[in-house]
Every structure is written in structure tokens, then in C-alpha cells.
Amino acid sequence: MNRKGLLLLLLALVLLLSCFLHIQFTEVSSTSAAQANVLWWEFRFPRLISALVAGAGLSLSGLLMQNLFRNPMAGPYVLGINSGASLTTALLMLGGFPLMLHNFGLVGSSLLGAFLAAAFMFFVSWRVQQTTGLLLVGLMFASFTGSIESVLQSWASPEQVKQFFLWNMGSLQQLSAAQVPWLLTLFTVALLWSLLLIRSLNAFVLGQDQAFQLGVRTQRVRFSMLAITALLAGSITAYCGPIAFVGLAIPNLGRQLLRTQDHFLLIIFCLLFGALFLLGCDILSVYLEPYFSLPINVLTSLIGAPYIAYLVLRRS
Amino acid sequence: MRSLWLLLLLVVWACESDPQPQRPKQAKNLCKYSELLTITPAKNGFLIQIKNPEQPKEKFSFQLEQPFMRIAVLSATHVGMLSALEQQHRLCAIPDKRYLHDPLIKKAVAQGKVADLKSAQQLSIKKLLARHTQALVFSGFGPEQTQIKRLRSIGLTCIPNYEWRETHPLARAEWVLLFGALTGQFEKAQQYFKQVCQNYKRIRTLPNLCNSNPIVISGYVYGDQWVAPAANSFEARLYADVDFAYYFNKRAGTGSCFSSIQSVLAKSTGVVLWLNPGQPTRAALLQQYPKYKYFPFFKKRIFCYTHNTNFYWECAAAHPDWVLSDLSQIRNGNVKKLHFYKELRP
Amino acid sequence: MISFQNTVIGYQHPLIAIENLTLHAGKVYALLGLNGSGKSTLLKTLAAQTPLLDGALTLNHFPITQLAKDSNLRAQQIAFVSSRFDGIEHLTVVEYVALGRIPYLSVFGKVTVEDQQMVSETLKDLGLTHLAQKRTKELSDGEKQLVSLARAFVQDTPVLLLDEPSSFLDFLNRENLLLALLKWVSRGQRCVLLSSHDIDLCLEHNLPLLALAGGQIQELIGQDKKEVVSVLLKGAVH
């Protein structure tokens, strides 16, 4: 217990340090105080928040999904929840409603897509009891939305395709100062909601039947978990684009390092390490900027994918 | 005041000392500016040699004896070069009708006289053959090499066009000579090019009515970066030739340069003019990237060709004098007749 | 402790009808029956997982319908041990056993010092203290089942249901399990119902038997194996 607490404390300290480091690294010497102000509030601060919230939020939603489906390979990406958000965004971007972008249109549609996908998965999970079947449906759904996006792309103008392509690469730098409160609010709601679920999450570790025997209202908790995931994945995908592997890798790392299934500790770990991971990736990208520029999705995949492959190999 | 005169003198001197490319003596190369294209007279026509800028050792060369009647092209720029020589009737296939400007060719495509290949990346060999294509001009980045090899194996002459890799606008325009040779209009092309060069030089020496060299930025936000022509590109050359102090003139490179958006913003207070942001209106710019509103130069003058993009892509390469004339008028602030550019109204 | 009155049990269509039956505190009942006789459905109904089709069923004076609605109350009244626990990755024995305290915890799931004390005492009672820090994935089948039992004990309910708890155990572990259960019911107002195929074990310990056959339940006390088997087979003839 002590060791775990110490690890989390250390993680919190490193995260704090990284925040300062990020602030240092993104600093650009500017000519006037007013400009420095704009740079901070409109560029560096939203970028910092993006990294923190996207990292923490995606890890948290990954943890919830892995718990719900009792499969360490689950995550908002695998279950098609990101795909839902991606699809509605594609409809918006490529389907000729570009005026709604950057306003509530993007967030709204992304949230809607995530919710619809989550609802769909909820319905499927009600019919298909096996987790593997569910994951398969999720993957099918993801490839289905992918092909619809391709069809849309063939109709859209090159300008729209370019815009969608860029959004698809993921970015921590598109968030504006005005959007920060929205992202933070959605994140906070999701976080508080999931804190109320900790007891149920711990029970869900034993499977839904056992959780039921332990007094968990399983239907309600299942719904809550999917709704929280939709809230997190939807809002983050809307503002930062689809970011791969964070949701999948961080909770696994948490269980591995902490050697626990106590979701109180795991949630704290996911929040801290998820934020730290994306922040680290972003610092790295700033550091590498003079040499070459890597979209955030490339960085997270470069680090996340080998880790997941290692996990799979170790398990089999 | 004296130092200003000195500066002016220096600038004029810099302009005069153009790269008069030194050529090996043995061949009578008819191209003066191009670094990649050489055309030498041969006994029954021309020897055309084209250097691949990616692999300088690799040289495409062929002996041209007979002009081609049916030519397929894979870039709008090539269409423009043919138009400049009034040889549109030799076209048998164009890359994509959505990007066409020339009304004559548009009409021909509509009537089915010219094939629309739709995609330069995935060539329809069937379409090319159905049109009895004799020669294909392609951009270096266009179709896959395997496709080109296959086309060459069935007897089609496939000519790479690296005009977009040239570092001087006149070198770019000089590729019109290639099209002159291909269509049997070499002398006309030479005449044309000579005229362009004269115009270009005349505009370059027009008086600069600005007190100093205005700081000019170019390019736009792409993803998380600012993309702009690098210091040794033909665009940067155009800017230099109208005495613009180009924002990225320390960023070496002949293609594009990438910078962090924040660094561009941080050092942009002196910028008075923004060229080629890639959108036709300020509203469209904000819609593409809302944070443009924080850039000081967003509130300054902005010029772009995007109100008629196809026209620019088709004709700017063959008409560097027009581009320079536009820039010169923009610099002096007395805009009379712009060919390509249009100001984005505040 | 558990009483049935004109109860009709089944999954979607009636399977078992029980006119009148009362299970008393302080006893370990063994539910016997052939495959498909409805043992699992009966246990699930008692656990309020499958709704009652008709009649009345009360556990510790609470009607099952009330328990079905109030999930926390239910979990404080009924504990359930399934036939097999596979172990959970990264989950240690103490953590696993502590999960039995969930019905008593706040939403944040914080385990108190008292809860922890209860866990370690229960482990000690069952002679499992040495396993406390071990991971559940690394336990033997017998250990897993005993640890599951510990989790159910910690849940501290008047009613404990076990679904074929001995099917994956060797004779020694079966003995241990049964002894632990007998010891547990002897303290306080408790009642255990376990389903089993192991007639010998049940007879050996003089457990009151509930024979489930042909949609009927018959309480058997003091019969020998032959008689028990013939009662169970009655259903098969139907």
C-alpha cells in the first residue's frame, strides 16, 4: 500500500515538473507583453490543457472500457467509440457543413457520434454476452465507419479532405482559449461521475454476475461507464482528433506497475500517467521540432504500439 | 538618407548580378536559366536532357525528331505552357477537368475531344491508348514509376517535367521551350520566352515607391505548422525581385519550409503584407484556422490568388512577368491591374 | 430463514413448484438433482437474479421482490459463491476477499480498518493467512475455492448460496470446504444452501438434503444413498 502511494506521489511530482517543463519548452521570445499574453493564453495554455485533459481522459475511458468488458485490450478506440465520433465529424467536415466547425457543431457532433456508438455497443453488449464477440463488433464498426469516411472523401473537395486528414492526425494545438472551459467542464463531469463508480468498478473486476451479487446495479453502472467513455472520448476527439493507444496502454501499465485492481488507485494512476504521457510526447515533439515535425498521433503510436504488442506477447 | 541610397544601390546591384548560369562550352544549350533542362540542337531536331533533382546522376534524355501531334499532360502547369504557345489542339488528355482554367480546353473536354484522366496518380493506360497518345508529360511526383515504365515499353514517350523544382521564376518559365520543341513551335517558344524575360526585367527595375523593403510573410497554417516557400525557392526569388523583405529569407531550402506557429506569431510584428494564405476571404481564413485572428498581419493587407486558383496554377509558371507585375503593384500600393492576385477585403 | 410458499420458479416458463418449504438457520442444506433439474435456476431465483414466476419467497423475513429491488440490502442478505473462480490478474488474495465488503462501503469503495481486520480474521479462520499477499491467478484450484469462500464469509450475510462449490476440488479440499461451512453456520443466524452432485459427501456429514426432481422439491433426512438416488431418478423417468 505504501509503495503504491509513494509511486503515485512521485508520479504527481513528475507531472508537476513536466508541466513546468512544457511551459518552458513552449515559450517563444516575443516582442511585446501583449503578444506574450496572446501566446500564453491562446497557444501555450490551451496546448498544456489539451495534453493534460486528453491524456488523463483517454486513459480513464480506457480503464472504464477494460473494466466493463473485462478485457485488457479494450479501449474507446477498439470499441468503436472513437470511430463514432470520427464518423459524425467526417459527416460534418466532408458532408458540406463546414460552417459549423470550430463552433459547437464539431463538439456536438463528435459527442453525438460517441454516444451513438456507445449506445450501439451497449445494445450489442446486451445481446452478445461474450466479450470477444463484442470486441469484434467494435472492430467491425470501426472499419465500417472507416469505409464510410472513404466514400465521403471521394465526394468531398480536396480542401475538405485535407482538413479531415489533418484532424485525423490528432493535434494538441487546435484548442482555443474559449474552448478550454468547455473541455474542462466535460472532463470534470466525467471524472466526478467515474469517482462515484469506484465501488462498482472494483466489483466489476469479478464479472457482472458477481458484481450483481455484491449489490451493484449492473445495468445502471454499465450505462454510466459507456456514457462517461462517450463523454470523454467524444469531447477529446472533437478538440484534439483521434489519439491512438493512450486509452489502451496507460491502464495496462497502471495495473502492471501498481499490481492492483483497486480502481481508486488505478483511476489516480490513469489521470496522472495519462496526462504525463501526452505531455511528455508533446514536449518531445517541441524538442524535435527544429529537426522534423511529428503529429501527436504518430508519437503516441510509436511508443504505445510496441508496448501493447509486448503485452500481447507476454500474455500468450 | 545616404545609407538608404547605398542600400538601394546594393539591391540594384544584387538584381543585376543575376545567376547567369555558366554552361559547359561544348554543347550549345538553348536554355539559359534552367538548372534541370537542357535542349541542344541535333541534326534532325533536338537533344532534350532532363535532370532528376532527386537523383542528380539520373538524366532523362531523348532525341526529338518529329513534333508530337497528340500529347497528354498530367499537370495544370503543362496545360498552361501549351496554351501560352496556342497549341491546345495537340492535347489529348488532361489530369482533372475540375482544375482547368482554359475555356478552350474545357470545351474540348466537354465535347469529349480531350480525355479527363481524373487522377495523375492512377493513370488509365486504356484511356491514353484510346486517344492515340504519342507523348506524356508528367510531373516528377505524379504517377508511379512502374506505370511510366509500362507506358514507355509500349512506345509512348514519357517526359518528366521538373519545372516546379526550379529556383528561379524565369527558369521555370523556360520550360516553355520544352513544349515548343515537343510541338514543333520552338522558335515561337523562344520568342515567347524572350518577351517574358524582357517584361520580367523591366518590372524588376521599376522604382520601389516604398521607403524601405516591406516585410512580407507567405504561407499558411497546415496542421500544427506554418508552411511557406523556403528562402531559395522561386517564390522567394520573386519576392526578392520586388524588394520584399521576405519573412523566411533565412530558411534555406528550395521547396517549402516549416515553422512552429507560435514562433511565426512571436516574431511577426513588423510584417505588413501576407501573401498566399490559401483562402479567398478573411472569413474563410478564420474558419480554416480561428487563431489567425491573433496574428498582427491578419489585420494588415492580405493578397492571394485563390479567387481564381485554377488560373494561377495553370498560367503562373508560364507568366512569371505577370506574377512579378502583381507583386510590384502590391508593393507600391497603387494596384491597377492584377493578373492573378486579389486583395482579401478586411 | 428461507421460506417458500406456493412458489413457482423457472426461467421464463415454470420449472419447479414448491408448495411449502422452510429452511432453518444453523444448517447447511445440500441441493441435489440431476443435470437440468433446475438447481441453478433455483439458486439464481434465491439470489434474486431470476424473477419469481408466482407465489412467495422470503429470505430472513425479506420478500424476494424487495431484495430484487434494493440491491444493497440484497447483498447484505445473500452471498453467492460460483462453482469456479479463475483468479483475476493483478488481484491479490486480500484485495479479492475485501471485495466481499463492497455492500457495506461508500461509493468510493474505501476499505476501512475494521473491514481489513475482518478480512484478515476470516483468512486466519480458514487457515489462508499465508496466501494473503499472493495473486489470485497463482492459486491452486482448492485455494481459489477457499478464498472465494472467505470472500463470501466477509460479506457477512444470513444466507449463503454455493453453486456446486466442490466440483473442481479433490477430496481433501472438499472436506475442508464443508467443515468451514459447518463452522460458519454454527455462529449466529445463518443458513447455507449448496448445490452438489456429491451425495456421499453430503451423507457423510449428515447434511439435510433437498432433492430436486420432476419439478418438485423433497426434503430428505436420514435416508441412505440408495433411497436418495431413487428419489433423484424419479424425475428422469418423467
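Residues numbered from 1 in each chain as written. Chains lettered and ligands numbered in written order. Predicted model: local features only at pLDDT ≥ 70, side-chain atom pairs only at ≥ 80, totals over all residues. Heavy atoms only, no water.

1. Observations regarding the nonpolar core
- Core analysis: the biggest nonpolar cluster contains 137 residues, and Ile243 of chain A together with Leu160 and Leu181 of chain C have the highest contact counts within it.
- Considering each element in turn, this core owes the most residues, 14 residues, to helix H12 (residues 263–288) of chain A.
- If we skip the residues at most four places from it in the chain, Leu160 of chain C touches Ala79, Phe80, Val81, Ala152, Phe153, Leu181, Trp184, Cys191, Val192 and Leu193 of chain C.
- Counting residues in hydrophobic clusters, the runner-up holds 98 residues, among them Phe68, Ile217, Leu273 and Tyr305 of chain B. (Core = buried A, V, L, I, M, F, W, Y, C linked by side-chain atoms within 4.5 Å. Buried < 20%, exposed > 50% of the residue type's maximum accessible area, 1.4 Å probe, protein only. Helix = DSSP H or I, 4+ residues; strand = E, 2+ residues; numbered from the N terminus. Contact = heavy atoms within 4.5 Å.)

2. Observations regarding the interface of chain C and chain A
- Counting from both sides, the interface comprises 29 residues of chain C and, opposite them, 26 residues of chain A.
- Buried surface at the junction of chain C and chain A, summed over both partners, amounts to about 2500 Å²; 51% is from carbon and sulfur atoms.
- On the chain C side of the contact with chain A, His90, Ile102 and Phe108 of chain C bury the most area, a combined 24% of that side's loss.
- In this assembly, chain C and chain A are joined by 0 salt bridges. (Buried area = accessible area lost by both parts, 1.4 Å probe. Salt bridge = Lys/Arg side-chain N within 4 Å of Asp/Glu carboxyl O.)

3. So, a nonpolar patch on the surface
Residues and elements named next belong to chain A.
- Together, Leu21, Phe25, Leu284, Tyr287, Leu302 and Ile303 make up a nonpolar patch on the protein surface, roughly 550 Å² of accessible area in all.
- Only helix H1 (2–25), H12 and helix H13 (296–315) provide two or more residues apiece to the nonpolar patch.
- Tracing the chain through its elements places Ile303 in helix H13.
- Taking relative accessible area as the criterion, Ile303 reaches 41% and is therefore assigned partly exposed. (Patch = residues over 30% accessible without salt bridge, like charges linked within 9 Å, V, L, I, M, F, W, Y side chains within 5 Å. Areas by Shrake-Rupley, 256 points an atom, 1.4 Å probe, with all protein chains shown as cover.)

4. Observations concerning the interface of chain A and chain B
- On the chain B side, the residues contacting the 28 residues of chain A number 24 residues.
- Here chain A packs against chain B, burying approximately 2300 Å² in sum over the two surfaces, 52% of which is carbon and sulfur.
- If you sort the residues of chain A by the area they bury against chain B, Gln35, Phe43 and Gln173 of chain A come out on top, with a joint share of 23%.
- The tally of links between chain A and chain B comes to 0 salt bridges.
- Across the chain A-chain B interface, the total number found is 8 residue pairs in polar contact (both at pLDDT 80 or more). (Polar contact = N/O pair within 3.5 Å; in protein donor to acceptor, adjacent residues only side chain to side chain.)

5. Overview of the arrangement of the chains
- With 2 pairs of chains in contact, the largest contact count belongs to chains A and C.
- What separates chain B from chain C at the closest point of their C-alpha atoms is a distance of 40 Å, and the two make no contact.

6. A short note on unusual backbone geometry
- For Ala48 of chain C, which is not glycine, the phi torsion reads 65° and is therefore positive.
- Within the secondary structure, Ala48 of chain C sits in the loop between helix H1 (39–46) and strand S4 (54–59).

7. Some remarks on the packing of helix H6 (residues 141–155) of chain C against helix H7 (residues 171–186) of chain C
Residues and elements named next belong to chain C.
- Running from N to C, H6 and H7 cross one another at 10°; their axes reach a closest spacing of 10 Å. Here H6 lies roughly parallel to H7, going by the angle between them. Between H6 and H7, the residues in contact are Gly142, Gln145, Leu146, Leu149 and Phe153 and Asn173, Leu177, Ala180, Leu181 and Trp184, respectively.
- For the contact of H6 with H7, the residue count by class is 7 nonpolar, 3 polar and no charged. (Axes fitted to C-alpha atoms, helices over the stretch in contact; angles between N-to-C directions. Parallel < 35°, antiparallel > 145°, perpendicular 65-115°, else oblique. Nonpolar A, V, L, I, M, F, W, Y, C, P; charged D, E, K, R; others polar.)

8. A short note on the side chain of Ser263 of chain B
- Among the structural elements, Ser263 of chain B can be located in helix H10 (residues 261–266).
- Those residues in contact with Ser263 of chain B that sit more than four places away from it in its chain are Val28 of chain A together with Tyr247 of chain B.

9. What about the sheet that holds strand S5 (residues 62–63) of chain C?
Residues and elements named next belong to chain C.
- An order of S2-S1-S4-S5 is seen for the 4 strands of this open sheet, with the pairing classed as antiparallel. The strands lining the two open edges of the sheet, one partner per strand, are strand S2 (16–23) and S5.
- Direction of pairing for S4 relative to S5: antiparallel, over a ladder of 2 bridges. Directly across from Leu59, in S5, lies its bridge partner Phe62.
- Set on the sheet, H1 makes contact with strand S1 (2–9), S2 and S4; between it and S1 the angle comes to about 120°. (Pairing = 2+ DSSP bridges.)

10. Looking at the packing of aromatic side chains
- Under the criterion given, the structure shown has 36 aromatic pairs over all chains.
- Ring geometry for Tyr33 of chain B versus Phe193 of chain B: centroids 6.0 Å apart, planes at 80°, classification edge-to-face. With Tyr33 of chain B in the loop between helix H1 (2–16) and strand S1 (37–42) and Phe193 of chain B in helix H8 (residues 186–204), the pair connects residues that are 160 residues apart, well separated along the chain. The burial state of Tyr33 of chain B is the same as that of Phe193 of chain B; both residues are buried.
- Centre to centre, the rings of Phe311 of chain B and Phe340 of chain B are 4.9 Å apart; their planes meet at 35°, and the pair counts as tilted. Pair noted here: Phe311 of chain B is in helix H12 (residues 309–315) and Phe340 of chain B is in the loop between helix H13 (320–332) and strand S16 (342–343), with a separation of 29 residues, a long-range link.
- A residue is classified by how much of its surface remains accessible, and Phe311 of chain B, at 16% relative accessible area, is buried.
- Judged by its relative accessible area of 1%, Phe340 of chain B falls in the buried class.
- Members of the aromatic cluster, joined through ring pairs, are Phe43 of chain A together with Trp226, Trp274, Tyr289, Tyr292, Tyr294, Phe295 and Phe297 of chain B.
- In this arrangement the basic side chain of Arg74 of chain C is found over the ring face of Phe212 of chain A, its NZ or CZ atom lying 3.8 Å from the centre.
- Here Arg84 of chain C stacks its cationic end above the ring of Phe168 of chain C, 4.5 Å away from the centre of that ring. (Phe/Tyr/Trp six-rings, centres within 6.5 Å; stacked < 30°, edge-to-face > 60°. Lys NZ or Arg CZ within 6 Å of the ring centre and 35° of its normal.)

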